[in-house]
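Architecture and fold: a report
What follows is the residue order along each chain.
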Amino acid sequence: MDDDYDEELGATMEEDYYTFLNVPRNATTEQINTAYRHLSRIYHPDKHVADVRKKIEAEALFNRLKTAYEVLSDPHKRAIYDSLGVKGLETDGWEVTLRQKTPAEIREEYERLAKEREERALQQKTNPRGNVTVMVNATEILCPYYDEFDEKLLPTVEVTGISMSQQIDAPLTVRDTVTLAGSLSAQKGIGNGAVSVTGRRLLNKGWVAVDVSAGNGPSVGVKGSRTLSQKVFANFGGSLNLRSGAIVPTFMSSLACQLSKHTVGYLTYNLSGMTRSMSTTVEQNTEKHHFQVTLLVGIPHSYISAAYTRKLQEQELKLRVATKLGTFGVLAEYGAEKKISKYSSVVATVSVGVPTGVTLKLKFTRSTQTFIFPIHLSEEIIPAAVFYATVTPLCVFFVLKRLVIEPMNDEKRQRRIDKTKEVNRERMAAKKKEAESSIDLMSATFERIRDDETKTHGLIIDRATYGRVRAENEERFDVTVPLQCLVKSGQLKLHATPKSELPGFYDPCVGEEKTLRIRCTYRETSHSIEISDNESLQLPGTLLAN
């Protein structure tokens, strides 16, 4: 459940060149040049030749300023930085190429990336995928069974079937891959299994695969895909299966056509022993919607089906409704899919049909592993079964979310915050020292700007602190000097970015919520204001608005 916090905490120490120059991300070249010249007057080593200590501090900060300016003033480097951050600018693709890194940081970065490369390579090579399905019969709960004396027996819930499958890939060459797969299933005391080996080769305009399996009789088959034109491609497959001394052929062919940017049409023919069918499918898939309609004509069954899915990106939620009408009866489904972490999601679907009755299907997906639980609630359409199938998953989810998922996420998030603090303790100490050095170098500029603002009754920063939301001022970092140095002609403008990268600032509580508190005087009137870390600010505009 804690995967969602990886990027959030992993990026806490990433340098933000825009914030350091105090310019917006869409800043023009002129704005970048102006910000660079302003900070150069503070950090240029030639401004501090009289004090050796200050000159050394200024050189380090000026080098950081120069790096930020060189990246943002170069359109090519800026485009890479905007897309990939600092890592995108490294010629070797990893952070140790930055000269500012200490030996300890270089060693730490190398070990981290080496481990990530090994894990990623293993995952890409094997690409393991698994599926577990557990079929549950719970019809006696809502439709209790009575014995011959009309006595009500305790309802029983039984597992009527279970199936498991697993497969891994074994790449041989760039074009050739062997897939090993196995499956086991048991239903009502009768079990069977199968194992298969598939060799697949990539071609110029598609792929072809040979499959050999053993289980319900030996089988050999061929399948593949071929791109016929820019908008048309075809899939095909065929096999021969030896069952009870007879050879059972199967064949499938499908022709797909791109009808529009988001719409694809399929024409499919299937043959498997005495069963055969032909179907037409039209599918439309966008960022917010997914719609599919299918018409199938075959032996022994024919049907027409339609399904619609609404994607709610911000809530990481999908809502789905579907219906199927055919010679077997009628079926309606509705359900939802909720993403609960970066790699995990849960799905709950209610199926209501004739003659199947009411079934609740639960599915949990974690990375490439899937667990499915079809729970048969009633053999007929009973309002109580539909009600409980709908309400129970919602209640269970919200209870688990409140009592298990959220506390677990909070605990793991706090552990990651603590771990991040520990890992970055040395860096944080260096950042704090750099911020203090920056404030020391700003003293002359601070006095000059403060005198100018006092004479014109402009904007004077009396007190400014930065740090944890509920901390007292004594526990927060004093940023009065750097904030006053950002005032220009009675104006102070901060952009909607974390403030820790501003000149003279540092992050005193990595991974935690922070605010900037300001007590200032404008036109001889005192004001107090507090903004969140990612909130923009424009003074005196905000003061006048209040």
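The structure under discussion appears in the preceding block.
Note that the structure is predicted; figures quoted are calculated from it, not measured.

How each quantity is defined
Along each chain, the written sequence defines residue order, and numbers are assigned to residues from 1. Whole-chain, interface and lining totals are the exception, using all residues; otherwise, since this is a predicted model, local features are given only for residues with pLDDT of at least 70 and side-chain atom pairs are given and counted only at 80 or more. Derived side-chain values reflect all non-hydrogen atoms in the structure, with water molecules and hydrogen atoms excluded from consideration. Strands here mean DSSP runs of E at least two residues long; helices mean DSSP runs of H or I at least four residues long; both are numbered from the N terminus. For every residue, the accessible area (1.4 Å probe, protein chains only) is compared with the maximum for its type, and the residue is labelled buried under 20%, exposed over 50%, or partly exposed between those bounds. Contacts were defined at the residue level, with two residues in contact if any of their heavy atoms lie within 4.5 Å. Note that accessible areas follow from Shrake-Rupley with a 1.4 Å probe, and for residues the cover is restricted to the protein chains shown. A fitted line through C-alpha atoms serves as each axis, taken over the contacting stretch for helices, and the angle formed by two N-to-C directions is quoted from 0 to 180°. Each angle gets one of four labels, with under 35 degrees taken as roughly parallel, over 145 as roughly antiparallel, 65 to 115 as roughly perpendicular, and the rest as oblique. The hand of a helix crossing depends on one turn: near helix anticlockwise from the far one by less than a right angle means left-handed, and clockwise means right-handed. Amino acid classes used here: Ala, Val, Leu, Ile, Met, Phe, Trp, Tyr, Cys and Pro are nonpolar; Asp, Glu, Lys and Arg are charged; the rest, including Gly, are polar. Strands are treated as partners if at least two bridges between them are detected by DSSP. Within this analysis, patches are made of residues with over 30% relative accessible area and no salt bridge. Like charges are joined at 9 Å or less; nonpolar side chains (Val, Leu, Ile, Met, Phe, Trp, Tyr) at 5 Å or less. The term salt bridge refers to a pairing of a side-chain nitrogen on Lys or Arg with a carboxyl oxygen on Asp or Glu at a separation within 4 Å.

Along its length, the chain carries 12 helices and 23 strands. A burial count over the chain gives 34% of its 546 residues as buried. In the chain, of all internal contacts separated by at least 6 residues, the share reaching a separation of at least 24 is 44%. Carbon and sulfur atoms provide 57% of the accessible area of the chain, an area that totals close to 32400 Å².

Attention shifts here to the packing of helix α4 (residues 52-72) against helix α9 (residues 425-441). It is at 10 Å that the axes of α4 and α9 come closest, and there the two elements cross at 110°. Taken together, the axes of α4 and α9 lie roughly perpendicular to each other. Both α4 and α9 take part in a crossing whose hand is left-handed. In this structure, α4 uses Arg53, Lys54, Glu57, Ala58, Leu61 and Arg64 to contact α9, whose residues at the interface are Lys431, Glu434, Ser437, Ser438, Asp440 and Leu441. In the contact of α4 with α9, the residues fall into 3 nonpolar, 2 polar and 7 charged.

What follows deals with the environment of Leu360. Looking at where Leu360 falls in the secondary structure, it is placed in strand β16 (residues 357-366). Residues Leu360 and Glu333 lie 27 residues apart in sequence; the distance between their C-alpha atoms is 9.7 Å. Not counting chain neighbours up to four residues away, the residues in contact with Leu360 comprise Thr349, Val350, Phe373, Pro374, Ile375, Leu377, Ala389 and Pro393.

As a further point, take the packing of helix α3 (residues 29-43) against α4. The interhelical angle for the contact between α3 and α4, taken along N-to-C directions, is 170°, at an axis separation of 10 Å. Between α3 and α4, the interaxial angle falls into the category roughly antiparallel. Here Ile32, Asn33, Tyr36, Leu39, Ser40 and Tyr43 of α3 lie close against α4, whose contacting residues are Ala58, Leu61, Phe62, Leu65, Lys66, Tyr69 and Leu72. Taken together, the residues of the contact of α3 with α4 sort by class into 10 nonpolar, 2 polar and 1 charged.

What follows concerns the sheet that holds strand β19 (residues 477-478). Read across the open sheet, the 4 strands follow the order β19-β18-β21-β22; overall the sheet is antiparallel. Of all the strands in the sheet, just β19 and β22 (525-532) have a single pairing partner and so form its edges.

Judged by side-chain polarity, Val210, Val212, Val220, Val222, Phe236, Leu240, Leu242 and Ile247 come together as a nonpolar surface patch covering roughly 680 Å² of accessible area. By residue number, the principal contributor to the nonpolar patch is strand β7 (residues 232-243), which donates 3 residues. Within the secondary structure layout, Val212 lies in strand β5 (residues 206-214). Residue classification places Val212 among the partly exposed positions, given a relative accessible area of 47%.

The next thing to look at is the pattern of salt bridges. A side chain of one charge can pair with a side chain of the opposite charge if their charged atoms are brought near each other. Using the criterion set out here, one finds 17 salt bridges in the structure. Salt-bridge contacts for Arg463 lead to Asp478; the nearest nitrogen and oxygen are separated by 2.6 Å. Taken together, the residues Arg463 in strand β18 (residues 459-468) and Asp478 in strand β19 connect sequence positions 15 residues apart. With a relative accessible area of 25%, Arg463 lands in the partly exposed category. We classify Asp478 as partly exposed; its relative accessible area is 33%. A single salt-bridge network, built from bridges that share partners, covers Arg53, Lys54, Glu57 and Asp440.

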